[in-house]
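Inside the fold
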Amino acid sequence: MKKLYKSLSEKDRRHFAAVTAMQKGKHGIQYCCDLFGCDPKTIRRGILELQSDFFCHQGEKEWQAAVGRAKWLTMI
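One structure accompanies this document, and this report is about it. (Residues numbered from 1 in each chain as written. Predicted model: local features only at pLDDT ≥ 70, side-chain atom pairs only at ≥ 80, totals over all residues. Heavy atoms only, no water.)

Turning our attention to the packing of aromatic side chains. To describe a pair of aromatic rings, you give the distance between the ring centres and the angle between the ring planes. Across all of its chains, the model carries two aromatic pairs by this definition. Relative to phenylalanine 36, the ring of tyrosine 5 has its centre 4.3 Å away and its plane inclined at 15°; by these criteria the two rings are stacked. Of this pair, tyrosine 5 sits in helix α1 (residues 2-7) while phenylalanine 36 sits in helix α3 (residues 28-36), and the two are 31 residues apart along the sequence. Judged on exposure class, the residue tyrosine 5 and its partner phenylalanine 36 are both buried. Consider the rings of phenylalanine 16 and phenylalanine 36, whose centres lie 5.8 Å apart with planes at 55°: the pair is tilted. Placement of the pair is phenylalanine 16 in helix α2 (residues 10-24) and phenylalanine 36 in helix α3, with a sequence separation of 20 residues. Since its relative accessible area comes to 21%, phenylalanine 16 is described here as partly exposed. (Phe/Tyr/Trp six-rings, centres within 6.5 Å; stacked < 30°, edge-to-face > 60°. Helix = DSSP H or I, 4+ residues; strand = E, 2+ residues; numbered from the N terminus. Buried < 20%, exposed > 50% of the residue type's maximum accessible area, 1.4 Å probe, protein only.)

Structure below.
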């Protein structure tokens, strides 16, 4: 787990530690702080980011009809 944690970007580290802390339950934040050597504020921030509506809907895209290049058959 430590090797994976070290290979991630700062944002991904924060989210990985937050998910691990939430899985561990009551003392999960302290467990992750000891394991990864990070600050409890970092993990709390990661938990808030994961629970926020903005983060949950950030990757979703709405498809628009008739956007893009014309189809080949309509060009003939």
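Let's pick the thread back up.
Taken as a whole, this structure holds two salt bridges when the rule is applied. With a shortest N-O distance of 3.2 Å, glutamate 49 and arginine 45 are connected by a salt bridge. Separated by four residues within a single helix, glutamate 49 and arginine 45 lie in helix α4 (residues 40-51), roughly one turn from each other. In the salt-bridge network here, residues are joined through shared partners; they are Arg14, Arg45 and Glu49. (Salt bridge = Lys/Arg side-chain N within 4 Å of Asp/Glu carboxyl O.)

This part covers the nonpolar core. Tyr5, Ala17, Ala18, Ala21, Cys32, Cys33, Phe36, Cys38, Ile43, Ile47 and Leu50 form the largest nonpolar core, which has 11 residues in total. Contributing elements (two or more residues each) for this core: α2, α3 and α4. (Core = buried A, V, L, I, M, F, W, Y, C linked by side-chain atoms within 4.5 Å.)

At a minimum axis separation of 8 Å, α2 and α4 run at an interaxial angle of 90°. Between α2 and α4, the angle is such that the two are roughly perpendicular. Contacts between α2 and α4 involve Arg14, His15, Ala17, Ala18, Val19, Ala21 and Met22 on the former and, on the latter, Thr42, Ile43, Arg45, Gly46, Ile47, Glu49, Leu50 and Gln51. Looking at the contact of α2 with α4 residue by residue, the class counts come to eight nonpolar, four polar and three charged. (Axes fitted to C-alpha atoms, helices over the stretch in contact; angles between N-to-C directions. Parallel < 35°, antiparallel > 145°, perpendicular 65-115°, else oblique. Contact = heavy atoms within 4.5 Å. Nonpolar A, V, L, I, M, F, W, Y, C, P; charged D, E, K, R; others polar.)

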